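Overview (structure and organization)
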Amino acid sequence: VFRSWLKAGGMLAAALLLLLLFAYALPALEHVSAAAAGNWRAWSRILVNIAGVAGFAAIAISDFYSYFLKSAPMTGYRLMVHVAAAPVFMVASVAVALFWAHRSRFTASSGDTRVMLLRKLFFWAAAALLVPTVVSILLAMYPLSGPNQQQYLFLVHRRCALAFAAAASLFGLFALLAW
């Protein structure tokens, strides 16, 4: 009984978060396109952010669908979508980290608002959680450890990916709110 409530609640929370992100993203895209006219660096940031969001959506949908709705391991086409989108998302995540690192520094003299401080906090949390998420699954792909250790690495990947998804989503939300 509680598992079905958890599934429904998780899906509802994800849908509400996506709705909120879209509500803030649409006016922000108009602002970005006006500011980026003729500037290739601004357009490269936009493309990296779009690739990151698309990769994140593909990975999240393939994983959360298997985890919450099917309650089974990810196999077949869902696994292929997950594995195909992962490199795109990883490269975009590293590029986003490079683009945002300077703006997300904690400095003593900056007069940051609460929203900007939360944006910075969730940026660094997402950047820190990306490392064990990627490293654990890469180590599990190679025959460096036994089956028990591979299961542990899959568990580390799943838990860190869930925390990363939450931190990255909140970073995106606070980045749009701080805009």
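Residues numbered from 1 in each chain as written. Predicted model: local features only at pLDDT ≥ 70, side-chain atom pairs only at ≥ 80, totals over all residues. Heavy atoms only, no water.

**Observations concerning the overall build of the protein**
- When helices and strands are tallied, the protein shows 5 helices and 0 strands.
- Walking the protein from its N terminus toward its C terminus, one meets helices and strands in the order α-α-α-α-α.
- Looking at the protein as a whole, 27% of its 179 residues are labelled buried.
- Total accessible area on the protein is roughly 11800 Å²; 75% of this is exposed by carbon and sulfur atoms. (Helix = DSSP H or I, 4+ residues; strand = E, 2+ residues; numbered from the N terminus. Buried < 20%, exposed > 50% of the residue type's maximum accessible area, 1.4 Å probe, protein only. Areas by Shrake-Rupley, 256 points an atom, 1.4 Å probe, with all protein chains shown as cover.)

**Structural notes on the nonpolar core**
- If you look at the biggest cluster of nonpolar residues, it comprises 18 residues, and the most contacted ones within it are V96, W100, F122, A126, F164 and F171.
- Looking at this core, the elements with two or more residues in it are α2 (40-70), α3 (76-101), α4 (114-141) and α5 (147-178).
- Element by element, the count of residues in this core is highest for α5, at 6 residues.
- Sequence-distant contacts of A126, defined by excluding residues within four places in its chain, comprise F164, A167 and A168. (Core = buried A, V, L, I, M, F, W, Y, C linked by side-chain atoms within 4.5 Å. Contact = heavy atoms within 4.5 Å.)

**What to know about the packing of α3 against α4**
- The geometry of α3 relative to α4 is characterised by a closest axis approach of 11 Å and an angle of 145° between their N-to-C directions. The handedness of the crossing between α3 and α4 comes out as left-handed. On the side of α3, the interface is formed by M90, S93, V96, A97, W100 and A101, while α4 contributes R119, F123, W124, L130 and V134.
- Of the residues that constitute the contact of α3 with α4, the class distribution is 9 nonpolar, 1 polar and 1 charged. (Axes fitted to C-alpha atoms, helices over the stretch in contact; angles between N-to-C directions. Left-handed = near helix turned anticlockwise from the far one by under 90°. Nonpolar A, V, L, I, M, F, W, Y, C, P; charged D, E, K, R; others polar.)

**Re the packing of aromatic side chains**
- This model, assessed by the stated rule, comprises 6 aromatic pairs.
- Ring geometry for F89 and F164: centres 5.7 Å apart, planes at 70°, overall edge-to-face. You can see F89 sitting in helix α3 and its partner F164 sitting in helix α5, a full 75 residues away along the chain. One exposure class covers both F89 and F164, and it is buried. (Phe/Tyr/Trp six-rings, centres within 6.5 Å; stacked < 30°, edge-to-face > 60°.)

**With respect to the side chain of R119**
- As for its placement among the helices and strands, R119 is situated in helix α4.
- Of the residues examined, R119 reaches a relative accessible area of 7% and is grouped as buried.
- Sequence-distant contacts of R119, defined by excluding residues within four places in its chain, comprise W100, R103, S104, F171, F174 and A175.

**So, the layout of surface pockets**
- Space inside the second largest pocket adds up to approximately 1000 Å³.
- Take the lining of the second largest pocket: its biggest share by element is 9 residues, from α5.
- Of the residues assigned to the lining of the second largest pocket, the class counts are 26 nonpolar, 5 polar and 2 charged. (1 Å grid on protein atoms, 1.4 Å probe; cavity = no way out; pocket = protein on both sides within 12 Å on 5 of 7 lines; lining within 4 Å. Points joined across faces, edges and corners; volume = space filled by probe spheres on them.)

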